Amino acid sequence: DQQVKQNSPSLSVQEGRISILNCDYTNSMFDYFLWYKKYPAEGPTFLISISSIKDKNEDGRFTVFLNKSAKHLSLHIVPSQPGDSAVYFCAARYTASKLTFGTGTRLQVTL
Amino acid sequence: EPEVTQTPSHQVTQMGQEVILRCVPISNHLYFYWYRQILGQKVEFLVSFYNNEISEKSEIFDDQFSVERPDGSNFTLKIRSTKLEDSAMYFCASTPRAGYGEKLFFGSGTQLSVL
């Protein structure tokens, strides 16, 4: 089941620069997308979401872009901070209950 | 900020034994979920629960699994006869209401190791 894919297992970015995390999906029934951040020994924490009727949603340093025709979304973090170092999961839903997660991208923000 | 609480944080059991993983969702939330993450793999949906009923479950959630809300605060996941492949981090989550836009609040997880 590869309905949501995050092809980059890891990403390293310098502090102050932009981090871009990518996610691709195959199921055209998905109509809501979420990003979660996860620190070791903690559960996933909600970061930002976007409905399929939009192409951009912004919340402070975090912006999510959705390209429905390409079935692609991305999370931009700018400026990146050391505290942003975590694993980022893309998730999608087409029912109210079930989130389908990607495999995650480990972001390392270096000084 | 209110949070979802899971106990224990680690559980070690022998294959074939029954385990119960416990969760206390956020107090005014009405929808409850279990997810799991096998080491190195993605987080997978197991089951959702509302109004004392399962509302949706995945193919993983077979007859060996059950969920219960035994009182007004706890939400449990029982695995009747554990298998080696049940070893995973199990996450409980809750939301105040259903809806596509609702974000799930996750607990810190229970690491289950089946030997």
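What counts, and where the lines are drawn
- Residues numbered from 1 in each chain as written.
- Chains lettered and ligands numbered in written order.
- Predicted model: local features only at pLDDT ≥ 70, side-chain atom pairs only at ≥ 80, totals over all residues.
- Heavy atoms only, no water.
- Disulfide = S-S within 2.5 Å.
- Helix = DSSP H or I, 4+ residues; strand = E, 2+ residues; numbered from the N terminus.
- Buried < 20%, exposed > 50% of the residue type's maximum accessible area, 1.4 Å probe, protein only.
- Contact = heavy atoms within 4.5 Å.
- Buried area = accessible area lost by both parts, 1.4 Å probe.
- Salt bridge = Lys/Arg side-chain N within 4 Å of Asp/Glu carboxyl O.
- Polar contact = N/O pair within 3.5 Å; in protein donor to acceptor, adjacent residues only side chain to side chain.
- Nonpolar A, V, L, I, M, F, W, Y, C, P; charged D, E, K, R; others polar.

Chemist: Help me understand the state of the cysteines in this model?
Modeler: Here is the idea: a disulfide is a covalent bond, and it sits between the sulfur atoms of two cysteines. Inspection of every chain in the model, using the stated rule, returns two disulfides over all chains. Disulfide pairing places Cys23(A) opposite Cys90(A) at an S-S distance of 2.1 Å. Handedness here is read from the sign of the S-S torsion; for Cys23(A) and Cys90(A), about -70 degrees, the answer is left-handed. In this pair, Cys23(A) sits in strand 3 (residues 19-25) while Cys90(A) sits in strand 9 (residues 86-93), placing the two residues 67 residues apart along the sequence. You can call Cys23(A) buried: its relative accessible area is 0%. Paired through a disulfide, Cys23(B) and Cys92(B) show a sulfur-sulfur distance of 2.0 Å. As the torsion about the S-S bond is roughly -65 degrees, the Cys23(B)-Cys92(B) disulfide counts as left-handed.

Chemist: Teacher, can you tell me more about the interface of chain A and chain B here?
Modeler: By a widespread convention, an interface's size corresponds to the accessible area lost as its parts come together. Contact with chain A, which involves 23 residues of that partner, is made by 20 residues of chain B. Buried area between chain A and chain B, summed over both chains or domains, comes out near 1,900 Å², and the portion from carbon and sulfur atoms is 58%. Ranking the residues of chain A by area buried against chain B places Pro44(A), Ser97(A) and Phe101(A) at the top, with a combined share of 27%. Our enumeration of links across chain A and chain B arrives at zero salt bridges. For the interface between chain A and chain B, the tally reads three residue pairs in polar contact (both at pLDDT 80 or more). Among the elements that make up the side of chain A that touches chain B, the one with the highest residue count is strand 4 (residues 32-38) of chain A (four residues). A class-by-class count of the residues in the side of chain A that touches chain B yields 11 nonpolar, six polar and six charged.

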